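Residue-level listing of the chains:
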Amino acid sequence: MKLKHSFFTRRQFLNGLLGGWAGAFLASFLYPALKFCFPPTREPDQVVLPFSDFEDMEPGSVRNFSWGTKPGMLKKRADGSYQAFVAVCTHLDCNVVYLPDKKKFFCACHDGWYDENGVNIGGPPPNPLRQLTVNREGEELIITKKSVE
Ligand code: FES
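Residues numbered from 1 in each chain as written. Predicted model: local features only at pLDDT ≥ 70, side-chain atom pairs only at ≥ 80, totals over all residues.

1. Examining the overall build of the chain
We count it as follows: Helix and strand definitions here come from DSSP, where helices need a minimum of 4 consecutive H or I residues and strands a minimum of 2 consecutive E residues; each element is numbered from the N-terminal end. The quantity called the radius of gyration is restricted to C-alpha atoms. Its globule counterpart is 2.2 Å times the number of residues to the power 0.38. Counting other C-beta atoms within 10 Å of its own, a residue is labelled buried from 20 upward, exposed at 12 or fewer, and partly exposed in the gap between, with every C-beta atom placed from the backbone.
Secondary structure summary: the chain contains one helix and ten strands in total. Ordering the α and β elements of the chain from the N terminus gives α-β-β-β-β-β-β-β-β-β-β. In terms of C-alpha radius of gyration, the chain reaches 26 Å, well past the compact-globule figure of 15 Å for 149 residues. Taking the principal axes of the C-alpha coordinates as reference, the chain spans close to 90 × 40 × 30 Å. Within the span of the chain, comprising 149 residues, buried residues form 16% of the whole.

In structure tokens form, the structure reads like this:
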């Protein structure tokens, strides 16, 4: 049985299919290229953490938290106050870890070292670790960007 009226001819259907495929193919290259050229800024102005997750920390110890898409590290000082850092190396953005036995922050990418206050002391890092401001409000720790001085 043959239909009298068809909405699409076979040629129109194949052209539409080919055009859709070409558009998807092009988008699969353009989207990553545009994301590379214009990376999203995902760094928050502040994060709020439950104090209960950090109150049992020993003085001198460090615990990780998420600073947006970057790692953050919260260190408890000997006097019980807290100090926070963006745990990203100031050389080429590798993640930094804290070595409690050495009381130093370490970047394994190019053997970069920071002292326990985040000051760059060895290897290629050109600047100290970025510090964040820590305030306790009730049962919350409010971590905020430090204003540029
Ligand atoms: S990225 Fe950390 S020392 Fe190079």
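After presenting the structure, the write-up continues.
2. Section: the confidence of the model for the chain
Which entries qualify depends on this criterion: The predictor rates its confidence in each residue with pLDDT, a number between 0 and 100.
Of the residues in the chain, 93% reach a pLDDT of 70 or more, and the chain-wide mean stands at 90. When mean pLDDT is taken per element in the chain, strand E7 (residues 112-114) scores highest with 98 and helix H1 (residues 10-37) scores lowest with 88.

3. Describing unusual backbone geometry
Excluding glycine, most residues fall at negative phi; most peptide bonds, likewise, are trans. Despite not being glycine, Asp93 shows a phi value in the positive range, around 70 degrees. Here Asp93 is to be found in the loop between strand E4 (82-86) and strand E5 (97-99). The exposure class assigned to Asp93 is exposed, which follows from the 11 C-beta atoms found within 10 Å. Phi is positive for Asp111, which is not a glycine, with a value near 60 degrees. Examined against the element boundaries, Asp111 turns out to sit in the loop between strand E6 (104-107) and E7.

4. Notes on the sheet that holds strand E9 (residues 131-137)
The following threshold applies: Two strands are counted as paired when DSSP detects at least two bridges linking them. The angle between two axes is taken between their N-to-C directions and runs from 0 to 180 degrees, where each axis is a line fitted to C-alpha atoms and a helix contributes only its stretch in contact.
Read across the open sheet, the six strands follow the order E1-E10-E9-E4-E3-E2; overall the sheet is antiparallel. The outermost strands of the open sheet, each flanked by one partner alone, are strand E1 (46-50) and strand E2 (62-67). Ignoring which end each strand starts from, the neighbouring axes of this sheet average 30 degrees apart. Summarising the sheet, E2 and strand E3 (residues 70-76) pair through six bridges and their orientation is antiparallel. Its bridge partner being in E3, Ser66 is matched across the sheet by Pro71.

5. Remarks on the sheet that holds E7
Read from one edge to the other, the open sheet built from four strands follows the order E5-E6-E7-E8, with strand pairing classed as antiparallel. The open sheet is flanked by E5 and strand E8 (120-122), the only strands paired with a single partner. Across the sheet, the axes of successive neighbouring strands diverge by a mean angle of 40 degrees, strand direction being ignored.

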